[in-house]
Amino acid sequence: MARLTETDKARNEAAIRAAMERILAGRLPPGGKADLKTLATMAGITRTGFYPKKNRDGTPRPGPYQHLAEEFERRLRELHAAGEIVDPRAAQIERLKREIAEMKERITARDEQLAELSEFKTLAISRLVAQHDEIERLRRQLASTGPVRPLPTSTSSRAPYGSCS
């Protein structure tokens, strides 16, 4: 593998910075996300330069563009903390999460309301049953107490025994 010359490295860094600005401004390519893979693709480099490497003796060394990857991720976090979401998919995910939370609250409130209404219905039915039982008991008592003379009813418009006034 050929080593990068300083000219190539400077040109790649400029391309990465330009791609970083486009991504952070929200100008993502179709199917792209606000991530290192899209950054590398837009800059025209391999993304392996964003990650640490190992020397032949096993000691770690930074990748040639690792500092840019860290800067990119830091700036993404800052934008996200400020409430600005660059990636439309991430914005959609956040919106859907808010909608789900709102719907869960609505479902909980509706469940509580249904429980209250069910309790009211049970109480109302039990009261109606008690009233019906009392009416039936009074009817049986009336039927078992012997002759009961009904009150006279008037068919005329005047009172049967004279005026009350």
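One can find the structure itself at the top, above this paragraph.
The text that follows walks through the structure, step by step, so that each part is easy to find. Just so you know, these numbers come straight off a predicted model, no measurement behind them.

**Some thoughts on helix 1 (residues 6-24)**
The first and last C-alpha atoms of helix 1 sit 26 Å apart over 19 residues, in line with the 27 Å expected at 1.5 Å per residue. Buried residues in helix 1 make contact with helix 2 (36-43) and helix 3 (66-81). In the segment just after helix 1, Gly26 is the residue with positive phi, at about 95 degrees.

**Things to note about the environment of Asp87**
Inspection of the secondary structure puts Asp87 in the loop between helix 3 and helix 4 (88-144). Sequence separation of Asp87 and Ala25 is 62 residues, and the distance between their C-alpha atoms is 9.6 Å.

**What about the side chain of Asn12?**
Assignment of secondary structure puts Asn12 in helix 1. Residue classification places Asn12 among the buried residues on the basis of a relative accessible area of 14%. Excluding residues within four positions of it along the chain, Asn12 makes contact with Leu4, Ile45 and Tyr65.

**Quick word on helix 3**
Across its 16 residues, helix 3 extends 22 Å between first and last C-alpha, which sits within 8% of the 22 Å expected from 1.5 Å per residue. Listed as buried for helix 3 are Gln66, Leu68, Ala69, Glu71, Phe72 and Leu76. Where helix 3 is buried, its residues touch helix 1 and helix 2. Directly after helix 3, the chain includes Gly83, whose backbone phi takes a positive value near 90 degrees.

**A word on a negative patch on the surface**
A cluster of acidic residues, Asp111, Glu112, Glu116 and Glu119, forms a negative patch on the protein surface. With respect to the secondary-structure elements, Glu116 resides in helix 4. Under the relative-accessibility criterion, Glu116 is labelled exposed at 57%.

**Some words on the packing of helix 1 against helix 2**
Interhelical geometry of helix 1 versus helix 2 gives an angle of 125 degrees and a closest axis separation of 8 Å. With respect to helix 2, the element helix 1 is oriented oblique. At the point where helix 1 passes helix 2, the crossing takes the right-handed sense. For the pair helix 1 and helix 2, the contacting residues are Ala15, Ile16, Ala19, Met20, Arg22 and Ile23 in the first and Thr38, Leu39, Met42 and Ala43 in the second. In terms of residue class, the contact of helix 1 with helix 2 is built from 8 nonpolar, 1 polar and 1 charged.

**Side note on the layout of surface pockets**
Considering only enclosed or pocket space, the second largest pocket measures out at about 170 Å³ in volume. In this structure, the second largest pocket is lined by Ala34, Leu76, Leu79, His80, Glu84, Ile85, Val86, Asp87, Ala90, Ile93 and Glu94. Those elements giving two or more residues to the lining of the second largest pocket turn out to be helix 3 and helix 4. Across the lining of the second largest pocket, the residue classes break down as 7 nonpolar, 1 polar and 3 charged.

**Let's talk about the nonpolar core**
Counting residues in each nonpolar core, the largest one holds 19 residues, and the members touching the most others are Ile16, Met20, Leu39, Ile45, Phe50 and Phe72. Elements with a contribution of two residues or more to this core: helix 1, helix 2 and helix 3. Per-element accounting of this core gives the leading share, 5 residues, to helix 1. With residues up to four places along the chain from it excluded, the contact list for Phe50 reads Ile16, Leu36, Leu39, Ala40, Ile45, Tyr65, Gln66 and Ala69.

Reading the values: rules and limits
- Residues numbered from 1 in each chain as written.
- Predicted model: local features only at pLDDT ≥ 70, side-chain atom pairs only at ≥ 80, totals over all residues.
- Heavy atoms only, no water.
- Helix = DSSP H or I, 4+ residues; strand = E, 2+ residues; numbered from the N terminus.
- Expected span 1.5 Å × (residues − 1).
- Contact = heavy atoms within 4.5 Å.
- Buried < 20%, exposed > 50% of the residue type's maximum accessible area, 1.4 Å probe, protein only.
- Patch = residues over 30% accessible without salt bridge, like charges linked within 9 Å, V, L, I, M, F, W, Y side chains within 5 Å.
- Areas by Shrake-Rupley, 256 points an atom, 1.4 Å probe, with all protein chains shown as cover.
- Salt bridge = Lys/Arg side-chain N within 4 Å of Asp/Glu carboxyl O.
- Lys, Arg positive; Asp, Glu negative; His and termini not counted.
- Charge placed at Lys NZ, Arg CZ, Asp CG, Glu CD.
- Axes fitted to C-alpha atoms, helices over the stretch in contact; angles between N-to-C directions.
- Parallel < 35°, antiparallel > 145°, perpendicular 65-115°, else oblique.
- Left-handed = near helix turned anticlockwise from the far one by under 90°.
- Nonpolar A, V, L, I, M, F, W, Y, C, P; charged D, E, K, R; others polar.
- 1 Å grid on protein atoms, 1.4 Å probe; cavity = no way out; pocket = protein on both sides within 12 Å on 5 of 7 lines; lining within 4 Å.
- Points joined across faces, edges and corners; volume = space filled by probe spheres on them.
- Core = buried A, V, L, I, M, F, W, Y, C linked by side-chain atoms within 4.5 Å.

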